Amino acid sequence: AQDLLNYIQGFIGYAPPRTQESVASMTTLITSIVTANTTTANNQQQYKAATAARQAAYKGTNGSIEKLLPSIKGAVEAQFGKKATETASIGAQIKTMRSNKLVKSPTDPTKLTQEKTVSQSERSYGSMVQSFNNIIASLQQFSGYNPSNTTLRITALQAATAQVTTLNNNVAQRTLALKTSKVNRDTLYTDLKDRVQRIKSYVKAQYGVSSNEYK
């Protein structure tokens, strides 16, 4: 398109019937497309970073939700006893939480074939947060629960669940931004395709099939 713009700028008497195919309008459109390309690329990178950050917060790192579960169970068992009601309750909830399999977010959520995966991913992460919140609520009911490991205390666990909720929201926002930018970019390219065809027809009519301009 940029090459085409350079060509028509040099055509003597170039004056298409629509302003959309004028040099000025084509320049504006191409500039918008370049900007749209950059915006989409940036949104794609931000989406990937957001999903990676969320994945790390849930599992695989020392401070992740998944890594906290055995320590929480150990703290309850140490304080209330292996056969205590509190220990059994937390053990059952942890088992339920672990049954929630995390579905990895697709690399490109804008593809139609990935929409189902996006939905499954959001549900799996949402279920994990809900289960973790249930565990925290139970711990709050346990009289005297106050482990020496500060990362297992109620306030620290609440901060952890608040963080993953924020990361969930960030992924949703980045997904929407990426989808929106791609739709906008596609609209511009569709417009470009139409304009280029009109330019070709106009040049054919104005300068002739055998002209250098048409060739």
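Read on for a plain summary of the structure. Per-chain numbering applies: the sequence of each chain, read as written, is numbered from 1 onward. Note on the predicted model: pLDDT of at least 70 is required for a residue's local features to be given, and 80 or more for side-chain atom pairs to be given and counted; whole-chain, interface and lining totals, by contrast, use all residues. Hydrogen atoms and water are omitted, and side-chain values are computed over all heavy atoms in the structure.

### Considering the overall build of the protein chain
A count of helical and extended segments in the protein chain gives 6 helices and 0 strands. Reading the helices (α) and strands (β) of the protein chain from amino to carboxyl end gives α-α-α-α-α-α. A 1.4 Å probe rolled over the protein chains alone gives each residue an accessible area, and that area as a share of the maximum for its type sets the label: buried under 20%, exposed over 50%, partly exposed in between. Scored against the burial criterion, the 215 residues of the protein chain give a buried share of 35%. Taking all contacts inside the protein chain whose residues are at least 6 apart in sequence as the whole, residues at least 24 apart take part in 69%. Surface summary for the protein chain: the accessible area is close to 12,500 Å², and the carbon and sulfur share equals 51%. Charged residues are defined narrowly, with Lys and Arg counted positive, Asp and Glu counted negative, and His plus the chain ends left uncounted. Positions of charges follow a simple convention, taking NZ of Lys, CZ of Arg, CG of Asp or CD of Glu. The centroid of the 26 positive side-chain charges in the protein chain is displaced by 9 Å from the centroid of its 12 negative side-chain charges. Secondary structure is summarised from DSSP: a helix means a run of H or I of at least four residues, a strand means a run of E of at least two, and numbering begins at the N terminus for each. Residue contacts are defined here by distance: any two heavy atoms, one from each residue, within 4.5 Å place the two residues in contact. Note on areas: Shrake-Rupley, 1.4 Å probe, and residue coverage restricted to the protein chains presented here.

### Points about helix α4 (residues 85-99)
Helix length check: α4, at 15 residues, gives a terminal C-alpha distance of 21 Å against a target of 21 Å (1.5 Å per residue), a fit within 8%. Looking at α4, one finds that the buried residues are Thr87, Ile90, Gly91, Gln93, Ile94 and Met97. A helix is expected to span 1.5 Å multiplied by its residue count minus one.

### Comments concerning the packing of helix α2 (residues 23-58) against helix α6 (residues 154-207)
Axes here refer to lines fitted to C-alpha atoms; in helices the fit is confined to the stretch in contact. Angles between the N-to-C directions go from 0 to 180 degrees. Contact geometry of α2 with α6 gives a least axis separation of 8 Å together with a crossing angle of 155 degrees. Classified by the angle their axes make, α2 and α6 are roughly antiparallel. Of the two possible hands of crossing, α2 and α6 adopt the one that is left-handed. Throughout this entry, Asp, Glu, Lys and Arg are counted as charged residues, while Ala, Val, Leu, Ile, Met, Phe, Trp, Tyr, Cys and Pro are counted as nonpolar. The remaining residues, Gly among them, count as polar. Grouping the constituent residues of the contact of α2 with α6 by class yields 18 nonpolar, 13 polar and 6 charged. Small angles under 35 degrees read as roughly parallel and large ones over 145 as roughly antiparallel, with 65 to 115 read as roughly perpendicular and the rest as oblique. Take the far helix as the reference: if the near one is turned anticlockwise from it by less than a right angle, the crossing is left-handed, and if turned clockwise, right-handed.

### Brief notes about the packing of helix α3 (residues 65-80) against α4
The angle between the axes and the distance between the axes are what describe a pair of packed helices. One way to put it is that α3 packs onto α4 with a least axis distance of 9 Å and a crossing angle of 170 degrees. In terms of orientation, α3 and α4 fall into the roughly antiparallel class. When you trace α3 past α4, the crossing you get is left-handed. Judged by residue contacts, Ile65, Leu69, Pro70, Ile72, Lys73, Val76, Glu77 and Phe80 of α3 engage Glu86, Thr87, Ile90, Gly91, Ile94, Met97 and Arg98 from α4. Here the contact of α3 with α4 is built from residues that sort into 9 nonpolar, 2 polar and 4 charged.

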